[in-house]
Amino acid sequence: MKRALWLIIGLSLGCAYTIERGGKKVSIREAYNYDLKNALNLVRENKCDEAVKALEHISNFYSGEVDVSSAIYYRGYCYMKEKEYGEAERIFKELVQRYPSSRFASKGYGRLYEINREKGNYEDAIHYLKNA
């Protein structure tokens, strides 16, 4: 009876951390990378509207399970590419607040510098440049 119980617990834990992607069960990290790769292909194809939706879904779905700083960064990047600086600034601020030690935080500060320089907010631009 104890073995059966441990087997059920083991199987439950093993299934809880997998997702199906590309026709096979993969870990949460692998699923995140798979979904992010597909979203980044949309960015490369200049399909920013679709990419933003996909990246927002990815950052919401995987938040708490993996570091989603890259998805947040590329979402802000798409807004910059579309010259929607207000939304891009909001996204990059979220990035640097939620993931200050991420390698994407430094890139986020760099983008915040660019946005504020573009808007003529030189004092803020310098502040972000110092953090980049």
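The written sequence of each chain sets the order in which its residues are numbered from 1. Residue-level local features of this predicted model are given only where pLDDT is at least 70; pairs of side-chain atoms are given and counted only at 80 or more, and the full residue set underlies all totals for whole chains, interfaces and linings. With hydrogens and water set aside, each side-chain value is computed from the structure's full complement of heavy atoms.

Student: What's the story with the overall build of the chain in this structure? I'm lost.
Tutor: If you tally the helices and strands in the chain, you get seven helices and two strands. Elements are defined by DSSP. Helices are runs of H or I of four residues or more, strands are runs of E of two residues or more, and each kind is numbered from the N terminus. For the chain, the α and β elements follow one another from N to C terminus as α-β-β-α-α-α-α-α-α. Note on classification: 1.4 Å probe, protein chains only; a residue is buried when its accessible area is under 20% of the maximum for its type, exposed when over 50%, partly exposed between these limits. A buried classification covers 38% of the 132 residues belonging to the chain. For the chain, restricting intrachain contacts to residue pairs at least 6 apart in sequence, the fraction spanning at least 24 positions comes to 43%. Shrake-Rupley sampling with a 1.4 Å probe provides the accessible areas, and residues are treated as covered by the protein chains on show and by no other component. For the chain, the accessible surface area stands at approximately 8500 Å², while carbon and sulfur atoms represent 51% of it. Contacts are residue-level and defined by heavy atoms, with any inter-residue pair within 4.5 Å sufficient.

Student: What should I look at first to understand the environment of D124 in this one?
Tutor: As for its position among the elements, D124 is in helix α7 (residues 122-131). With relative accessibility at 39%, the residue D124 sits in the partly exposed group. Separated by eleven residues in sequence, D124 and Y113 have C-alpha atoms that sit 7.4 Å apart.

Student: What am I meant to see in the nonpolar core here?
Tutor: Here is a general trend for soluble globular proteins: nonpolar side chains tend to be buried in one another's company. Side-chain atoms within 4.5 Å are what join buried Ala, Val, Leu, Ile, Met, Phe, Trp, Tyr and Cys residues into a set we call a nonpolar core. Counting 36 residues, the largest nonpolar core has Y32, L55, Y62, V68, C78, F92 and L95 as its most contacted members. Looking at this core, the elements that each hand over two or more residues are α2 (28-44), α3 (48-62), α4 (69-81), α5 (85-98) and α6 (103-119). Counting residues per element, this core draws most heavily on α2, which supplies eight residues. Once residues within four sequence positions are removed from consideration, Y32 is found in contact with I58, Y62, V66, D67, V68, S69, S70 and A71.

Student: Please explain the packing of aromatic side chains as it appears in this structure.
Tutor: The geometry of two aromatic rings is summed up by the distance between their centres and the angle between their planes. Ring pairs shown here join Phe, Tyr and Trp side chains whose ring centres sit within 6.5 Å, with only the six-membered ring taken for Trp; geometry is labelled stacked below 30 degrees between planes, edge-to-face above 60, and tilted in between. As enumerated under the stated definition, the model contains eight aromatic pairs in all. In this structure, K107 is placed above the aromatic ring of Y73, and the distance from its NZ or CZ to the ring centre is 5.9 Å. By the criterion adopted, a ring carries a charge over it if an Arg CZ or a Lys NZ lies within 6 Å of its centre and within 35 degrees of its normal.

Student: For this particular structure, what's the right way to read the side chain of E89?
Tutor: With respect to the helices, strands and loops of the structure, E89 is situated in helix α5. Of note is the side chain of E89, whose polar atom sits 2.7 Å from the side chain of K119. Sequence-distant contacts of E89, defined by excluding residues within four places in its chain, comprise L112, I115, N116 and K119. Polar contacts, as counted here, are pairs of nitrogen or oxygen atoms within 3.5 Å of one another; within protein the pair requires one atom able to donate a hydrogen and one able to accept it, and residues that are adjacent in sequence qualify only if both atoms are side-chain atoms.

Student: What should I look at first to understand a negative patch on the surface in this one?
Tutor: For patches, a residue must show more than 30% relative accessible area and have no salt bridge; joins then use 9 Å for like charges and 5 Å for nonpolar side chains, namely Val, Leu, Ile, Met, Phe, Trp and Tyr. Within this document, salt bridges are pairs made up of a side-chain nitrogen of Lys or Arg and a carboxyl oxygen of Asp or Glu, the two lying within 4 Å of each other. The convention is simple: Lys and Arg are positive, Asp and Glu are negative, and His and the chain ends are not counted. Lys charges are placed at NZ, Arg charges at CZ, Asp charges at CG and Glu charges at CD. Together, D49, E50, E82 and E84 line one region of the surface with negative charge. Relative to the helices and strands, D49 is located in helix α3.

Student: Teacher, can you tell me more about the packing of α2 against α4 here?
Tutor: Each pair of packed helices can be summarised by the angle the axes make with each other and by the distance between the axes. Only the stretch in contact is used when fitting a helix axis, every axis being a line fitted to C-alpha atoms; angles between N-to-C directions are given from 0 to 180 degrees. Following both chains from N to C, one finds α2 and α4 inclined at 10 degrees, their axes separated by 11 Å at the closest point. When the interaxial angle is binned, α2 and α4 end up roughly parallel. Within the contact between the two elements, α2 uses Y32, L36, L40 and V43 and α4 uses S69, S70, A71, Y74, Y77, C78 and K81. In this classification, Asp, Glu, Lys and Arg are treated as charged, Ala, Val, Leu, Ile, Met, Phe, Trp, Tyr, Cys and Pro as nonpolar, and every other residue, Gly included, as polar. Its residues assigned to classes, the contact of α2 with α4 shows eight nonpolar, two polar and one charged. Small angles under 35 degrees read as roughly parallel and large ones over 145 as roughly antiparallel, with 65 to 115 read as roughly perpendicular and the rest as oblique.

Student: Explain the side chain of S69 to me, please; I cannot follow it from the model alone.
Tutor: Within the fold, S69 resides in helix α4. What makes S69 buried here is its relative accessible area of 2%. At 2.8 Å, the side chain of S69 and the side chain of S102 are in polar contact. In this structure S69 touches Y32, L95, Y99, S102 and F104, once residues within four positions along its chain are discounted.

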